[in-house]
Amino acid sequence: MAQTPSQEVKNTTCYMCACRCGIRVHLRDGEVRYIDGNPDHPINKGVICAKGSSGIMKQYSPARLTQPLRRKQGAERGAGEFEPISWDEAFDTLAERLGRIRETDPKQFALFTGRDQMQALTGLFAKQYGTPNYAAHGGFCSVNMAAGMIYTIGGSFWEFGGPDLDRSKLFVMIGTAEDHHSNPLKIAISKFKRDGGRFISINPVRTGYSAIADEWVPIRPGTDSALLLAIIHEIMAKGLYDRDFLVRYSNAGQLVNVDETNDAFGMFLRSEGTEDQAEGCYDPQDKLWWDRKSDRPVVTHTADADPYLLGEFRLQDGTAAKPAFQLLQDRVQEYTPDWAARITGIPADTIRRLAHEMGVTARDQRIELPIAWTDSWGVEHDSVTGNPVSFHAMRGLAAHSNGFHTIRALAILMSLLGTIDRPGGFRHKAPFPRPIPPCARPPKGPEAVQPGKPLDGMVLGWPADPDDLFVDDQGGPVRIDKAFSWEYPLAVHGMMHNVITNAWRGDPYKIDTLMIFMANMAWNSTMNTVEVRKMLNDKDENGEYKIPFLVVADAFQSEMTAFADLILPDTTYLERHDVMSMLDRPISEYDGPIDSVRIPVVPPKGECKPFQEVLIELGSRLQLPAFTTPEGKRKFRDYPDFVVNYETEPGSGIGFLAGWRGKGGEKSLRGEPNPNQWEMYAKNNCVFHYELPKSYQYMRNWNKGYLEWSQRNRITRYAEPILIHLYSEVLMKFRAAAQGKGPSRRPPAHLAHRVETYFDPLPFYYDPLECQATDKHTYPLAAITQRPMAMYHSWDSQNAWLRQIHAHNLLFVSPRTAKAAGIEDEDWIWVESQWGKVRCMAKYSEAVEPGTVWTWNAIGKAAGAWNLTPRANESRKGFLLNHLISEELPGEQGPISNSDPVTGQASWYDVRVRIYKAGAEEPEVTSPQFDTMTPYPGQPKRPRIWNFFAAKGGKK
């Protein structure tokens, strides 16, 4: 008698992109058969995208790694010749090697992770180990977005804030690809348009979100700050800024010393005799206004005072001063729409119209909500008002070497319009807003790295002045990637894109072991791909690899795993416990903190082990303090046990999860460990949602109730107002040090001019560094990549279902541009930069700015990679634009990183190219090509046609 199939539905959290939607996984006889959205989840409310529903194909991918592997003795890196080993052998190898390094020089070990969602754990491991050499993917993703906005308004787009489209009237999206914040943004834009909102997209390319915009404004890549500064010019010239908001909630009225003979030039003027009041304050409210009523200087926010925003004043001692707002107006005086039109390609009249529309909408369509609240100065308000203009921006603005100042300009424009944490504008998500800059600091110098000890400081942090830099006595970098050095002072996410090159060169020193987790650093996650692959395989004069030991942890075979000495097979997101933590990157919404978990719905395949478990095991074997008792015994049974019982400080009640704390799960945010916490999350859709009182949900930079609540729950350390920094004294402190002023450290002489130039306290426009170093007549076109909506990194471009949407990529070119070069639609062409060239197919598109060419990222593959057939379209027709991009630029003192000089953001979108038709005799296959990769032990042989049901042993 035939048995009835056993059917089951389990809830967990998606990992097919960074949205982290709630999903329901349908199983039959223990096998995944269907994935849909969880209608009870606060993020996606049941909506699911192509990526999310295709997670089943990730689970059963033939690219899966299933057992630990060691490079065969005598085999070359890159050849893909491995032998299986046990986990005990793998752990013994790592514990012996890492233990020896830790007891001698911990910085010889480097841990860098890709698009993982557990950086609180990986960062903790690195700090406990004692290495400064740790970072995640942010440095080559969008650190400019985070740093530029957080150093200006105390929060940022993406997980930590976004547009309030429920109440907005005008929505402006700039430089946002169609994969960013996928489902939640689709839901919000759909409702916004149904409600009559107007949507403007500013982007070189019209795809995805831009395709449904009411207006598309094409712009030349890397010129966004010129546009934004010109809009600011118009807003200020026409008086369309929100003066009341700026006076109360920004440093617009605060007086800046403009006496160039004074050692404190460029710094805010402060009142005397307030030192006692400032004791224990993070940002003392002791700066000066010039009061319009009394015509004299007064302490900022003095009751009934009304500061001048424009003008120049002199103190009694003769010191000349200007309000920050006046300095901003002085700055943008030359940034006219006519000036910006020549740079951006956007007509001057269009720029004027955009500025007028933003300003008038913000001024004349104001929202008022009947929500009473009290501000930081004790003033009670009967309602919350908002100016309904909202923005969203991402990597298109960030991934340029002028991106930090571009994003500063955007944040200032949003502030001038009065939209920060107000209805219809930008709204924060917990744990933001935070003080400017946030309180965490990197270590101070090489003495922070000591054998056998944890790192003395945070592995990543937010410098407030030059004394917070991680440099030695000569001003040289302590980290292998040179983050937090005078070269890249505010590299708050690290500089992953320079790790391999720096380690290969031994600059600033050599390392022993490089561990890479979930990052394809030999392919789509690295610039200068051809040369970087050579570096991974390069040897010194003694025949030893220049990077002695490479460990790669990943769920899939990739171009990077081929270069590993040791491969650790990770699980998929359906096979493991995981947390989206308030300590890291939660999924909070505007109304309050939200964190979530993943719970295994199927057992791990083969011998796969979650990387979280690997770190817990290594931390225990190495007897790192956070993972062991004072007697050196193991503290945590496994990763789920760690999540439940770890506290940031003993007895603090703060752990990785905020929900169902306390012994019986009766507490939230803070409370003792709860042994049943995982079960309670499982019963509640794997998500915890804390809804703030309405009076705490807006104006959080200056909301007394919210800030005190946040301090009580250890979300922030201080309950002080967080004023918007139109003028950045933080940046000015670095500039002053470069000018030889102030009490802090000084940069090395060869970097002084660089720091002085780019650490401007006000945003300014400059051509991206690579563009400055390129002959634009020879290379007239900008070239950019973006991910398609149906794929997320190279995880998904090997997915059997998603490959049917994008089996290969093309170079999209304006017909006008292509025809001028003699190129027809779908011709084979060469795309050449000063760094390299690729052969690919051209595709006509009217949806691209004529001076730009673009393609999808991460679709092109090396032959045989991801266990695809060597003749797969991904390797024969697909290509990688990364071959044309260099991780370094020529500098006066030698190579410099192709990065933003403020934050170290990788400048992916600054490359210039030319295109020309390939020869008729050339093969119709993309170039460059690489040696074919072969399957590893434990992987299935490649079928000619892969069938899901046949692979699972089912019937067709």
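Reading the values: the criteria
Residues numbered from 1 in each chain as written. Predicted model: local features only at pLDDT ≥ 70, side-chain atom pairs only at ≥ 80, totals over all residues. Heavy atoms only, no water. Helix = DSSP H or I, 4+ residues; strand = E, 2+ residues; numbered from the N terminus. Rg over C-alpha atoms; globule rule 2.2 N^0.38 Å. Buried < 20%, exposed > 50% of the residue type's maximum accessible area, 1.4 Å probe, protein only. Contact = heavy atoms within 4.5 Å. Pairing = 2+ DSSP bridges. Axes fitted to C-alpha atoms, helices over the stretch in contact; angles between N-to-C directions. Parallel < 35°, antiparallel > 145°, perpendicular 65-115°, else oblique. Left-handed = near helix turned anticlockwise from the far one by under 90°. Nonpolar A, V, L, I, M, F, W, Y, C, P; charged D, E, K, R; others polar. Disulfide = S-S within 2.5 Å. Polar contact = N/O pair within 3.5 Å; in protein donor to acceptor, adjacent residues only side chain to side chain. Phe/Tyr/Trp six-rings, centres within 6.5 Å; stacked < 30°, edge-to-face > 60°. Lys NZ or Arg CZ within 6 Å of the ring centre and 35° of its normal.

All right, on to the overall build of the protein chain then. Scanning the protein chain from N- to C-terminus turns up 27 helices and 36 strands. Compactness check: the protein chain gives a C-alpha radius of gyration of 27 Å against a globular reference of 30 Å for 956 residues, within 12% of the reference. Along the longest, intermediate and shortest principal axes, the C-alpha atoms of the protein chain span 90 × 70 × 65 Å. The buried share among the 956 residues of the protein chain stands at 65%. Restricting the contact set of the protein chain to residue pairs at least 6 apart, pairs at least 24 apart contribute 71%.

Below, the discussion takes up the sheet that holds strand 2 (residues 22–28). With respect to topology, 3 strands assemble into an open sheet ordered 1-2-3, the strand pairing being antiparallel. Each edge of the open sheet is held by one strand with a lone partner, namely strand 1 (7–13) and strand 3 (31–37). Strand-to-strand twist across the sheet, computed as the mean angle between neighbouring axes with direction ignored, equals 25°. When strand 2 meets strand 3, the two strands line up antiparallel, connected through 6 bridges. By the bridge assignment for strand 3, Arg 24 is matched with Asp 36.

So, about the pairing of strand 14 (residues 296–299). Where strand 13 (residues 288–291) lies against strand 14, 4 bridges are found, and the strand directions are antiparallel. Bridge assignment links Leu 288 to a residue of strand 14, and that residue is Val 299. The turn joining strand 13 and strand 14, which pair antiparallel and follow one another in sequence, is formed by 4 residues; a positive phi near 55° is taken by Asp 295.

Now for the packing of helix 5 (residues 143–153) against helix 14 (residues 403–416). One can describe the packing of helix 5 onto helix 14 by two numbers: an axis separation of 8 Å at closest approach and a directional angle of 45°. Comparing their axes, helix 14 and helix 5 come out oblique. When the axes of helix 5 and helix 14 are compared, the crossing they make is right-handed. Here Asn 144, Met 145, Ala 147, Gly 148, Met 149, Thr 152 and Ile 153 of helix 5 lie close against helix 14, whose contacting residues are Gly 403, Phe 404, Ile 407, Arg 408, Ala 411, Ile 412, Met 414 and Ser 415. Of the residues assigned to the contact of helix 5 with helix 14, the class counts are 9 nonpolar, 5 polar and 1 charged.

Quick look at the state of the cysteines now. A complete count under the given rule lists 0 disulfides for this structure. Just so you know, Cys 19 is unpaired, no disulfide at all, and the nearest cysteine sulfur is the one on Cys 17, 3.7 Å from it. With no disulfide of its own, Cys 840 lies 20 Å from the sulfur of Cys 771, the closest cysteine sulfur.

Look at helix 7 (residues 224–237) against helix 14: their axes get within 9 Å of each other, and the N-to-C directions meet at 25°. Here helix 7 is positioned roughly parallel relative to helix 14, judged by the angle of their axes. Considering how the two elements wind past one another, helix 7 and helix 14 form a crossing that is left-handed. In contact with Asp 224, Ser 225, Leu 228, Leu 229, Ile 231, Ile 232, Ile 235 and Met 236 of helix 7, helix 14 contributes Thr 406, Ala 409, Leu 410, Ile 412, Leu 413 and Leu 416.

Look at the link from Ala 430 to Pro 431: it is a cis peptide, with omega at 15°. Within the fold, Pro 431 resides in the loop between strand 22 (426–428) and helix 15 (499–505). Of note, the amide linkage connecting Ser 927 to Pro 928 takes the cis form, showing an omega dihedral of 5°. Mapping Pro 928 onto the fold places it in the loop between strand 36 (912–917) and helix 27 (948–951). Within the chain, Asp 29 stands out as a residue other than glycine whose phi angle is a positive 55°. Position of Asp 29 among the secondary structure elements: in the loop between strand 2 and strand 3. For Asp 29, a relative accessible area of 53% gives the class exposed. Although it is not a glycine, Trp 866 sits at a positive phi angle of roughly 60°. Mapped onto the elements of the fold, Trp 866 is located in the loop between strand 33 (852–856) and helix 26 (873–876). Judged by its relative accessible area of 2%, Trp 866 is buried.

A few words now on the environment of Gln 929. Note on placement: Gln 929 falls in the loop between strand 36 and helix 27. Residue classification places Gln 929 among the partly exposed positions, given a relative accessible area of 35%. A C-alpha to C-alpha distance of 16 Å links Gln 929 and Ala 918, two positions 11 residues apart in sequence. In this view, Gln 929 contacts Ala 863 and Ser 875; residues no more than four positions away in its chain are not counted. In this structure the side chain of Gln 929 is engaged in a polar contact, spanning 2.8 Å, whose partner is the backbone oxygen of Ser 875. From its side chain, Gln 929 meets the backbone oxygen of Thr 926 in a polar contact 2.9 Å long.

With 7 bridges connecting them, strand 1 and strand 2 associate as antiparallel partners. Across the sheet, residue Gln 7 finds its bridge partner in strand 2, namely Arg 28. Between strand 2 and the antiparallel strand that follows it, strand 3, lie 2 residues; Asp 29 among them carries a positive phi value of about 55°.

We now examine the packing of aromatic side chains. What the rule picks out here adds up to 42 aromatic pairs. With a centroid separation of 5.2 Å and an interplanar angle of 25°, the aromatic rings of Phe 171 and Phe 199 are classed as stacked. Residue Phe 171 is located in strand 9 (residues 170–174), and its partner Phe 199 is located in strand 10 (residues 198–202); the two are separated by 28 residues in the primary sequence. An identical accessibility class is assigned to Phe 171 and Phe 199; each is buried. Through successive ring pairs, a cluster of aromatic residues spans Phe 109, Phe 125, Tyr 129, Phe 627, Phe 636, Tyr 639, Phe 642, Tyr 646 and Phe 656. A cation over an aromatic ring shows up here: Arg 533 above the ring of Phe 930, its NZ or CZ 4.4 Å from the ring centre. When the ring centre of Trp 87 is taken as origin, the NZ or CZ atom of Lys 609, which lies over that ring, is 5.4 Å away.

Within helix 21 (residues 729–738), 9 of the 10 residues are buried, which leaves it mostly tucked inside the rest of the structure. Regarding helix 21, the residues found buried are Glu 729, Val 730, Leu 731, Met 732, Phe 734, Arg 735, Ala 736, Ala 737 and Ala 738. On its buried face, helix 21 is in contact with helix 5, helix 14 and helix 22 (749–758). At the exit of helix 21 stands Gly 740, carrying a positive phi of roughly 80°.

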